[in-house]
Amino acid sequence: MSRPAYDDQNIFARILRGEIPCNKVDECPHTLSFSDIQPQASVHILVIPKGSYVDMADFAAHAPAEEQAAFVAALGRVAHQVGVAESGFRLIANTGQNGHQEVPHLHMHILGGEPLGPMCPRPS
Ligand code: AMP
């Protein structure tokens, strides 16, 4: 399967290289988690792999099992750390053009801390 081109100047690649600061909440050898700069809920964290993957489809097809397991583990660890594991939360991985993905480095949004309402109203 061919891979999408990865833009190493995207903002999350720059955060991973330490060129841009972030409000870090968790790190492991394969993942970094930090606060979203424009929070859409009282808790809004981004979990990203350290590897260069454009989106979830790229990650699922090409990341080694160890990196995939570390990413899932980070989601659970961070949900506990920021206090939403028991009250509930939403995971969103906007993917590609129709998914309205703005930053072309895989990221999972963890949203919570308050009732989030129904999922995804259809755009008018
Ligand atoms: P998406 O539309 O899923 O690609 O979401 C990209 C997210 O990255 C948005 O929620 C932005 O607010 C967030 N974002 C962009 N730049 C930064 C940054 N420097 N630090 C933290 N979050 C950022």
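Here is a short report on the structure shown in this document. All figures in this text were calculated on a predicted structure; none of them were measured in a lab.

Quick look at the overall build of the protein
Here is step 1: Summing up its helical and strand segments, the protein has 3 helices and 5 strands in all.
Here is step 2: What you see in the protein, going N to C, is helices and strands ordered as α-β-β-β-α-α-β-β.
Here is step 3: Taking 2.2 N^0.38 as the reference for a compact globule, 124 residues should give roughly 14 Å; the C-alpha atoms of the protein span a radius of gyration of 14 Å, in line with that estimate.
Here is step 4: By principal-axis analysis of the C-alpha atoms, the protein measures approximately 40 × 35 × 30 Å.
Here is step 5: Buried positions account for 36% of the 124 residues belonging to the protein.
Here is step 6: Considering only contacts within the protein whose residues lie at least 6 apart along the sequence, 56% involve residues at least 24 apart.
Here is step 7: Of the roughly 7,500 Å² of accessible surface on the protein, a fraction of 54% belongs to carbon and sulfur atoms.

What to know about the site of the ligand
Here is step 1: Asp-36, Asn-94, Glu-102, His-107 and His-109 are the nearest of the 16 residues found near the ligand.
Here is step 2: Between an oxygen atom of the ligand and a side-chain N or O atom of His-107, the distance comes to 2.7 Å.
Here is step 3: One nitrogen or oxygen atom from the side chain of His-109 is found 2.8 Å from an oxygen atom belonging to the ligand.
Here is step 4: Protein contacts shield 86% of the accessible area of the ligand, which totals 510 Å² for the unbound molecule.
Here is step 5: For the shell around the ligand, the secondary-structure elements that each account for two or more residues are α1 (11-16) and β2 (31-35).
Here is step 6: Broken down by element, the shell around the ligand gets its largest block of residues, 3 residues, from α1.
Here is step 7: A class-by-class count of the residues in the shell around the ligand yields 7 nonpolar, 7 polar and 2 charged.

Describing the nonpolar core
Here is step 1: Among the nonpolar cores identified, the biggest contains 16 residues, and Ile-45, Val-47, Phe-59, Phe-71, Leu-75, Val-78 and Ile-110 are the most heavily contacted of them.
Here is step 2: If you list the elements that add at least two residues to this core, you get β3 (43-49), α3 (65-81) and β5 (108-112).
Here is step 3: Per-element accounting of this core gives the leading share, 5 residues, to α3.
Here is step 4: Excluding anything up to four places from it in sequence, Phe-71 contacts Thr-31, Val-47, Ile-48, Pro-49, Met-56, Phe-59, Leu-106 and Met-108.

What about the pattern of salt bridges?
A pair can form between side chains of opposite charge whenever their charged atoms are brought close.
Here is step 1: This model, assessed by the stated rule, comprises 6 salt bridges.
Here is step 2: Asp-58 is the salt-bridge partner of Arg-3, the closest N and O atoms lying 3.0 Å from each other. Of this pair, Arg-3 sits in the segment before α1 while Asp-58 sits in helix α2 (residues 56-62), and the two are 55 residues apart along the sequence.
Here is step 3: Since its relative accessible area comes to 42%, Arg-3 is described here as partly exposed.
Here is step 4: Of the charged contacts in the structure, one is a salt bridge between Lys-50 and Glu-27, with a shortest N-O distance of 2.7 Å.

Some remarks on the layout of surface pockets
Here is step 1: There is about 650 Å³ of room inside the largest pocket.
Here is step 2: Around the largest pocket sit 27 residues that line it, and Asp-36, Gln-38, His-44, Leu-46 and His-109 are the ones nearest its centre.
Here is step 3: At the level of secondary structure, the elements contributing two or more residues to the lining of the largest pocket comprise α1, β2, β3, β4 (89-92) and β5.
Here is step 4: With 3 residues, the single largest contributor to the lining of the largest pocket is α1.

Rules used throughout
- Residues numbered from 1 in each chain as written.
- Predicted model: local features only at pLDDT ≥ 70, side-chain atom pairs only at ≥ 80, totals over all residues.
- Heavy atoms only, no water.
- Helix = DSSP H or I, 4+ residues; strand = E, 2+ residues; numbered from the N terminus.
- Rg over C-alpha atoms; globule rule 2.2 N^0.38 Å.
- Buried < 20%, exposed > 50% of the residue type's maximum accessible area, 1.4 Å probe, protein only.
- Contact = heavy atoms within 4.5 Å.
- Areas by Shrake-Rupley, 256 points an atom, 1.4 Å probe, with all protein chains shown as cover.
- Near = heavy atom within 4 Å.
- Polar contact = N/O pair within 3.5 Å; in protein donor to acceptor, adjacent residues only side chain to side chain.
- Nonpolar A, V, L, I, M, F, W, Y, C, P; charged D, E, K, R; others polar.
- Core = buried A, V, L, I, M, F, W, Y, C linked by side-chain atoms within 4.5 Å.
- Salt bridge = Lys/Arg side-chain N within 4 Å of Asp/Glu carboxyl O.
- 1 Å grid on protein atoms, 1.4 Å probe; cavity = no way out; pocket = protein on both sides within 12 Å on 5 of 7 lines; lining within 4 Å.
- Points joined across faces, edges and corners; volume = space filled by probe spheres on them.

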